[in-house]
Every structure is written in structure tokens, then in C-alpha cells.
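A structural walkthrough
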Amino acid sequence: SIKTSKYNAFTFLPRSLFEQFRRTANQYFLVISILMVLGTYTSLFYSPLTPYSTIAPLSFILGVTMAKEGVEDMKRHKSDVKVNE
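The paragraphs below set out a description of the structure included in this document. (Residues numbered from 1 in each chain as written. Predicted model: local features only at pLDDT ≥ 70, side-chain atom pairs only at ≥ 80, totals over all residues. Heavy atoms only, no water.)

Looking now at the pattern of salt bridges. One side chain can pair with another of opposite charge once the charged atoms of both are near each other. Scanning all chains against the criterion turns up four salt bridges. Between arginine 22 and glutamate 19 there is a salt bridge; the shortest N-O distance is 3.4 Å. Overall, the relative accessible area of 54% leaves arginine 22 in the exposed class. The network of salt bridges with shared partners includes Lys68, Glu72, Asp73 and Arg76. (Salt bridge = Lys/Arg side-chain N within 4 Å of Asp/Glu carboxyl O. Buried < 20%, exposed > 50% of the residue type's maximum accessible area, 1.4 Å probe, protein only.)

This part covers the packing of aromatic side chains. Under the criterion given, the structure shown has two aromatic pairs. With a centroid separation of 5.3 Å and an interplanar angle of 80°, the aromatic rings of tyrosine 28 and phenylalanine 29 are classed as edge-to-face. (Phe/Tyr/Trp six-rings, centres within 6.5 Å; stacked < 30°, edge-to-face > 60°.)

One can find serine 33 in helix H2 (residues 24–41). Taking the relative accessible area as the measure of exposure, serine 33 reaches 4% and is therefore buried. Looking at serine 33, its side chain comes within polar contact range of the main-chain oxygen of phenylalanine 29, at 2.8 Å. Ignoring any residue separated from it by four or fewer positions in sequence, one finds serine 33 in contact with Pro51, Thr54 and Ile55. (Helix = DSSP H or I, 4+ residues; strand = E, 2+ residues; numbered from the N terminus. Polar contact = N/O pair within 3.5 Å; in protein donor to acceptor, adjacent residues only side chain to side chain. Contact = heavy atoms within 4.5 Å.)

By themselves these figures say nothing about function.
Printed below as a string of C-alpha cells:
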């Protein structure tokens, strides 16, 4: 049987997040977001911006990319079923 899909229902979220955070840009924005949260909600240092100014775009990009990957993987699952008949 041929299997070209990457994910299943249980592994989609962890594997997809792992793949997303392998990208340096996503790691960078995650670190900046964490620093901004620390600067806003602790007394370690002062952050002039709210952390949501980086968390919101990062979440949006991750969500859109994960949705795209999910749709592509569903197509792979359907193709696998068709080929394995």
C-alpha cells in the first residue's frame, strides 16, 4: 500500500507546529513575542509595544500555513485511497 500523506488526525497539530518552527523566521517572531510578554507583564525590563503586535501576525501566519498543509494532506489521503484500491 502506498502512503504519501504526512499527518493523521492525532499527529497533525504537533507535527505541523514542529514543521512551522523549523523555519528561522517563525522562531525569531516567537522569541520576540516571548520577550515582549516578559517586558510587559514582569518588571525585568520595559517593552514599549504590546506583545499582541507580534503574537497576532505570527498566529495568523501559522494558522494559514497549517490550514494549507491540512488541505494538501487531505488531498494526499484521497489520492492514496484511490491508488490503493
